[in-house]
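# Understanding the architecture of this molecule
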Amino acid sequence: MEGALTARDRVGIQDFVLLDTHTSETAFLGNLKKRFSEDLIYTYIGTLLVSVNPYKELDIYSKKQMDIYMGVNFFELPPHIYALADNAYHTMMAEANNHFILISGESGAGKTEASKKILQYYAVSCPSTTLLDSVRDRMLVSNPVLEAFGNAKTLKNDNSSRFGKYMDIQFDIQGDAVGGHILSYLLEKSRVVHQNHGERNFHIFYQLVEGGEEDLLHQLGLESNCQHYSYLVQDECANVTSINDKNDWKTVRNALSVIDFDESDIQHLFGIIASVLHLGNVQFEADSKGYATLNKNTELRWVSTLLGINVQVLQEGLTYRKIEAKTDEVLSPFTVDHAIYARNALAKAIYGRTFTWLVNKINDSMENKEPSRKTVIGLLDIYGFEVFYVNSFEQFCINYCNEKLQQLFIQLTLKSEQEEYEAEGIGWEPVQFFNNKIICDLVEEKHRGIISVLDEECLRPGEATDFTFLEKLEEKMGSHPHFITHKLSDKKIRKTLDRGDFRLLHYAGEVTYGVVGFIDKNNDMLYRNIKYVSLLLWSIIHVYLTDKLLGDSTTDPRPSSLLGLTDILMSKEPWYVRCLKSNESKQPGRFDDVLVRHQVKYLGLMEHLRVRRAGFAYRRRYELFLQRYKPLCPATWPHWRGVAAEGVEVLVQHLGYLPDEYKMGRTKIFIRHPRTLFATEDAFEVCKHKLASRIQAQYKGYRQKGEFRRQKEAATKIETCWRGVQARKEKERRQWAVKVIKKFIKGYMTRGEAKTTDNSEYLAFVRQNYLNRLKDNLPKTVLDKISWLTPPPVLTEASAILRQLHMRVMVTRYVRGITAQQKAQLQLKGITSVIFKDKKDSYPQSVSQPFVDTRISEQDINMKILQIIRHERIKYSVPVVKYDRNGFKPRPRQLILTQTAAYVVDEAKIKQKEIHPSALHALEHGGDLVIQCDHLFEVLTKLSVVANKQSAINVVQGSISFQIQAGKEGIVDFSSGQESMVYKDKNGHLMVVSLRRLTKHIRTCGQHLYSAPV
Ligand SMILES: Nc1ncnc2c1ncn2[C@@H]1O[C@H](COP(=O)(O)OP(=O)(O)OP(=O)(O)O)[C@@H](O)[C@H]1O
Ligand SMILES: [Mg+2]
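Residues numbered from 1 in each chain as written. Chains lettered and ligands numbered in written order. Predicted model: local features only at pLDDT ≥ 70, side-chain atom pairs only at ≥ 80, totals over all residues. Heavy atoms only, no water.

What counts, and what does not: UniProt positions are given in the numbering used here, feature names are shortened, and annotations may be inferred rather than shown by experiment.
An unreviewed UniProt entry lists the protein chain under the name Myosin IH, from Oncorhynchus kisutch. Quoted verbatim from the Subcellular location (unreviewed entry) field of the UniProt record, the comment on the protein chain reads "Cytoplasm, Cell cortex".

## Focus: the sheet that holds strand β18 (residues 662–664)
Convention followed: A pair of strands is considered paired only if DSSP assigns at least 2 bridges between the two. Every helix listed is a DSSP run of H or I at least four residues long, and every strand listed is a run of E at least two residues long, numbered separately from the N terminus. Simply put, an axis is a line fit to the C-alpha atoms, just over the touching stretch for a helix, and the angle between two N-to-C directions goes from 0 to 180 degrees. Contact definition: two residues touch when any of their heavy atoms are within 4.5 Å.
The three strands lie next to each other as β17-β19-β18, forming an open sheet whose pairing is antiparallel. If you trace the sheet from one side to the other, it starts and ends with β17 (618–621) and β18, each paired once. Neighbour-to-neighbour, the strand axes of the sheet open up by a mean angle of 15 degrees, direction not taken into account. Across three bridges, β18 lies against strand β19 (residues 668–671) in antiparallel orientation. From the neighbouring strand, M664 faces β19, where its bridge partner is I669. Here helix α27 (residues 622–629) sits on the sheet and contacts β17, β18 and β19; the angle it forms with β17, its principal contact strand, is near 95 degrees.

## Here we look at the pattern of salt bridges
The criterion, for reference: In the sections that follow, a salt bridge refers to a side-chain nitrogen of Lys or Arg positioned within 4 Å of a carboxyl oxygen of Asp or Glu. Relative accessible area decides the class of each residue, using a 1.4 Å probe on protein chains only: under 20% of the type maximum gives buried, over 50% gives exposed, and in between gives partly exposed.
One pass over the structure, following the stated rule, counts 39 salt bridges. We note a salt bridge from R723 to E719, for which the minimum N-O separation is 3.5 Å. Within this pair, R723 and its partner E719 are both found in helix α29 (residues 674–749), separated by four residues, close to a single helical turn. Relative accessible area serves as the criterion here: at 54%, R723 is assigned to the exposed category. Given the relative accessible area of 42%, E719 is considered partly exposed.

## Looking at the sheet that holds strand β12 (residues 375–383)
Ordered in space as β1-β2-β16-β3-β12-β6-β7, the seven strands form an open sheet in which the pairing is mixed. Two strands lie at the open edges of the sheet, namely β1 (42–45) and β7 (177–185), each paired on one side alone. When the angles between neighbouring strand axes are averaged without regard to direction, this sheet yields 20 degrees. Alignment of strand β3 (residues 99–105) against β12, held across seven bridges, turns out to be parallel. Each bridged residue has a counterpart across the sheet, and for G105 the counterpart in β12 is Y383.

## Section: the confidence of the model for the protein chain
Interpretation of the predicted coordinates at a detailed level should be avoided for regions scoring low in pLDDT. Rule in force here: What pLDDT expresses is the predictor's confidence in each residue, scored from 0 to 100.
Counting all residues, the mean pLDDT for the protein chain is 82, and 87% of those residues have values of 70 or more. Here residues 1–5 scores under 50 on pLDDT; set against residues more than four positions off or in separate chains, the count is 24 contacts. Low pLDDT, under 50, characterises residues 997–1014; the stretch is placed with 56 contacts to residues that sit more than four places away or in other chains.

## Notes on the UniProt feature "binding site: ATP" (unreviewed entry) in the protein chain
The UniProt record annotates "binding site: ATP" (unreviewed entry) at G105, E106, S107, G108, A109, G110, K111 and T112. By the element assignment, G108 lies in the loop between β3 and α4 (111–125). Exposure remark for G108: the relative accessible area of 10% places this residue in the buried category. With residues near it in sequence (within four places) discarded, G108 still touches N53, Y55, K156, N157 and K581. Assignment of secondary structure puts A109 in the loop between β3 and α4. The residues touching A109, leaving out its near neighbours within four places in the chain, are N53, C579, L580 and K581.

## A few points about the packing of aromatic side chains
The geometry of an aromatic ring pair is captured by the separation of the ring centres together with the interplanar angle, meaning the angle of the planes. Quick reminder of the rule: For Phe, Tyr and Trp, rings pair up if their centres lie within 6.5 Å, where Trp contributes its six-membered ring, and each pair is then called stacked (planes under 30 degrees apart), edge-to-face (over 60) or tilted (otherwise). Criterion for a charge above a ring: Arg CZ or Lys NZ at most 6 Å from the ring centre, at most 35 degrees from the ring normal.
Applying the stated criterion across every chain yields a total of 31 aromatic pairs. Taking 5.8 Å as the distance between ring centres and 80 degrees as the angle between the ring planes, the aromatic pair formed by Y748 and Y762 counts as edge-to-face. Of this pair, Y748 sits in helix α29 while Y762 sits in helix α30 (residues 757–776); the two residues are 14 residues apart in sequence, bridging distant segments of the chain. With a relative accessible area of 9%, Y762 lands in the buried category. Here the aromatic cluster, defined as three or more aromatic residues joined through ring pairs, consists of F393, F396, F469, F483, F502, Y513 and F518. Above the plane of the ring of Y206 lies R200, whose end atom (NZ or CZ) is 3.9 Å from the centre. The ring of F851 has K829 lying over it, and the distance from NZ or CZ to the ring centre is 4.3 Å.

## Brief notes about a positive patch on the surface
As a reminder, the rule being used: Residues with no salt bridge and a relative accessible area higher than 30% make up the patches, which join like charges within 9 Å and nonpolar side chains (Val, Leu, Ile, Met, Phe, Trp, Tyr) within 5 Å. For accessible areas, the Shrake-Rupley method is used with a probe of radius 1.4 Å. Any residue's cover is judged against the shown protein chains and nothing else. His residues and chain termini do not enter the charge count, which takes Lys and Arg as positive and Asp and Glu as negative. Where a charge lies is defined by one atom per residue type: Lys uses NZ, Arg uses CZ, Asp uses CG and Glu uses CD.
Judged by side-chain charge, K491, K492, R494, K495 and R499 come together as a positively charged surface patch. Looking at the element boundaries, K492 is found in helix α19 (residues 491–494).

## What about the coordination of the magnesium ion (ligand 2)?
How we decide: Sites may look incomplete because water is not among the atoms; the donors themselves are N, O and S atoms within 2.8 Å of the metal, or within 3.2 Å for Na, K and Ca.
Within the first shell, the magnesium ion (ligand 2) binds the protein through T112 (OG1) and S161 (OG), at distances of 1.8 to 2.0 Å. Within this pair, whereas T112 is found in helix α4, its partner S161 is found in strand β5 (residues 160–161), the two being separated by 49 residues in sequence. Taken individually, T112 and S161 each receive the classification buried, so the pair is uniform in this respect.

## Here's the deal with the site of ligand 1
Cut-off, in case you're wondering: Near residues are defined by distance, with any heavy atom within 4 Å of the molecule or strand qualifying the residue. We call two N or O atoms a polar contact when they sit within 3.5 Å, provided that within protein one can donate a hydrogen and the other can accept it, with sequence-adjacent residues counted only if both atoms are side-chain atoms. The residue classification treats Ala, Val, Leu, Ile, Met, Phe, Trp, Tyr, Cys and Pro as nonpolar and Asp, Glu, Lys and Arg as charged. All others, Gly included, are polar.
Surrounding ligand 1, one finds 17 residues, the nearest of these being S107, K111, T112, S160 and S161. For ligand 1, an oxygen atom lies 2.7 Å from a polar atom in the side chain of N53. For ligand 1, an oxygen atom lies 2.6 Å from a polar atom in the backbone of S161. Here ligand 1 has 620 Å² of accessible area as a free molecule, and 87% of this is covered by the chains. For the shell around ligand 1, the secondary structure elements donating two or more residues are α4 and β5. Element by element, the count of residues in the shell around ligand 1 is highest for α4, at three residues. Tallied by class, the residues present in the shell around ligand 1 amount to four nonpolar, nine polar and four charged.

## Structural notes on unusual backbone geometry
Cis geometry is found at the peptide bond from W637 to P638, where omega equals 0 degrees. In this structure, P638 sits in the loop between α27 and α28 (644–655). Despite not being glycine, Y55 has its phi angle at roughly 55 degrees, a positive value. Structurally, Y55 is set in the loop between β2 (48–52) and α2 (63–69). Phi angles above zero are rare outside glycine, and D838 is one such case at about 65 degrees. Mapping D838 onto the fold places it in the loop between α32 (820–836) and α33 (843–847).

Quick look at the structure:
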């Protein structure tokens, strides 16, 4: 079928109309069984719902399930009683007309359960108000009350409805359930006085006796023991495990108060029920003449008290027949059998009328007195065809009723089919089906029908018996093809019939009725009330009738009037639920083929299917068909822009439908065979998955695009805002900058003036700026005297102070950092400076040359010399060249300075020349010494320190002369040349030549030489 169904939902076929072999009962049963095995108890035949009793609780009646079915098209979801209820409701709302749901089936098939489910569905799904809630509650609680009084345990059903029930629910124009009305019919009153083996009386008796409060029982003269009452113990099964009388009693008591029963009503109601029980215990005895007498009349007293009837009158009524002859009244005594009959008849009458009163009372409480327009959905819970081993007047009535309903169904269905074909402009094709009018006529025809014959027989003077009635029937119907009796049948059939039987060939099958009791039951005024099921039919249709049509509803409508009523019904839409029993033993999961086949037959399901399948198996509005299957054709997917009908034509051409397989109506396409639809549906299934992924992809793309667009918009917005913020900040900054720059310029212009508000900031800036720059550019050494940053005028003074401070800091840091050695060195350098600074050109280069402690290690000094001067500490030694004073012959020597003397020694032999301070002094006078050495500043400084005579050193330029001996003078000349050399010049002078490019050095050397003698 259509809609999103799961694999489980797809078990078998959900609508028998789509069963290819629709005439095969075996295929029909096979499908039912297949679905039943998966707990799929519902299947459609068009809009008829077939329900198979599962005999177990299924999880398909929850609120969630109800929600799923609310407002959903019939074919969109798996078959369900809710789908039917919902569609009836919505059609009623849309078309503002009346509907009824006919629920039929065998006893125990689940009719009452189905009607309860429908009622619950309406209670939950219809809109409601507080006021309406109370109506709804009353409707719901009326069920347990009616079931208590009208249901009983039978062999077929532990809670069998022993009355027919028609309930209508009234809806106002908004669709609110505003009222209800119940009609009961055919209450099985005989059950009050007699029950078959294994069956029980009506539940209420057991509930009262078992559950009734002690006080109540005491007031009613009852004992809390079912065994005490003969009407309750005949069947010997007062207790049944599936029934809890005590609990049910409480439910009923609560329900009674909900539906407006006050305490006195309740007292009276149970008083009457108790009176029936007491009546059952009334025993008669035969007197000597065989007439009935009442010896022990305690029970009778209770009956009289509870019913408020005089005991005497009651006793008389039970034991005498009153014969009215003209003006006289004659009392004729009863035999015991007659008395028992009368007692039972009274009990039945009391119970029957109480039941009617109860129903009326419930109706009063559910009645809606608003005059506003209302539409109705009726629920008819009715026995289906009943076929027992022995069938009597009751079965005759019920089966006739079913026959009539079938006629109605055929007429309605065919009519609606025909109308639809006409409306769609499709030619009507005659349908082969069994028209049961012939059977209905057989029963109801005026003067010739079975009912007329029965009436005549009852009313005619003379002794009328069941058998004279049968003879009359044989006389009148003798040749009717649907009527057979023992006498009228051939030999073969005769064997299957008793002499007192007649057999009707109903549309659903043949049923044999025993005539015994027909006259009696027809005569019985109590039966007359429900005679010919006219009331039953009236109950179905009363909602469609006006007083004009029906006249006084209490009158007994004759069958002829039903034809007119049927016409009215035909303009309405009925809904059908057919209930099937899955097995006789009430076991879950068991599917009894024979039993179900029998029911399928007698419920006329095959016949129903045949009518439904008369023409085309499937039809759907073009728009819906196109909407569903358009993905199957490229021309119609994703959109068909033209007329829907043309789109469908294109689609079915594309799918390859043969001309015979379908017809195009005005608004609908009609498909003849289910297989065509199934092929399309299968193709759709395959296509659906592909489509789903495409749609998913498209949708994802669409979502992403949307998301992207949104993000982009958001980004642009944020950007705009941010730019605004930035621009505003920039503006503020610029304004600030303008101010600052203005101030700066003003400050600059007035920087030389005294501190004012205008220039104070500028000056502060200048100060800070200078100090910051100064911080990074401070001189690194004490020698750096030039790199001090030039201060702005305002900081001249501070800069000078800072410079001084910085210098001090550097000096302090330097001083702290030098070692003792360095200190000594510096002291020596200081002395050198005093001696040579600005006196000798080569001095500045020498400053960086460090002085060493000594230039000759002790190992290189002659041992002998060391021995000689061992008492003196050697302070310094250096290799020198000594020039003889006389002749300037160069001789390499070592100059050794000790604490006390200076020695010029030969490396090999000791040629000591002690230079002692005193000796120095002597030398001044005694003769000069010409020595040349490489480390002039070092040697002379050390020498001056040792001699402590710094001022004695002279630095001279050009040439020097000295006295070699008295009167003889030596001269040393200094010049520069290509090569550094020292030699005796032709003029006898000692010539000291220094390198020209190293002029200074050579001259220095010369100066050395010259200095040496100092
Ligand atoms: N849909 C269902 N789900 C579960 N159990 C069910 C369902 N329908 C019926 N039954 C079972 O079957 C029993 C008989 O059902 P119900 O009383 O509705 O039968 P009925 O057709 O009204 O019989 P009768 O004609 O005797 O009144 C119920 O008590 C219940 O146990
Ligand atoms: Mg029932």
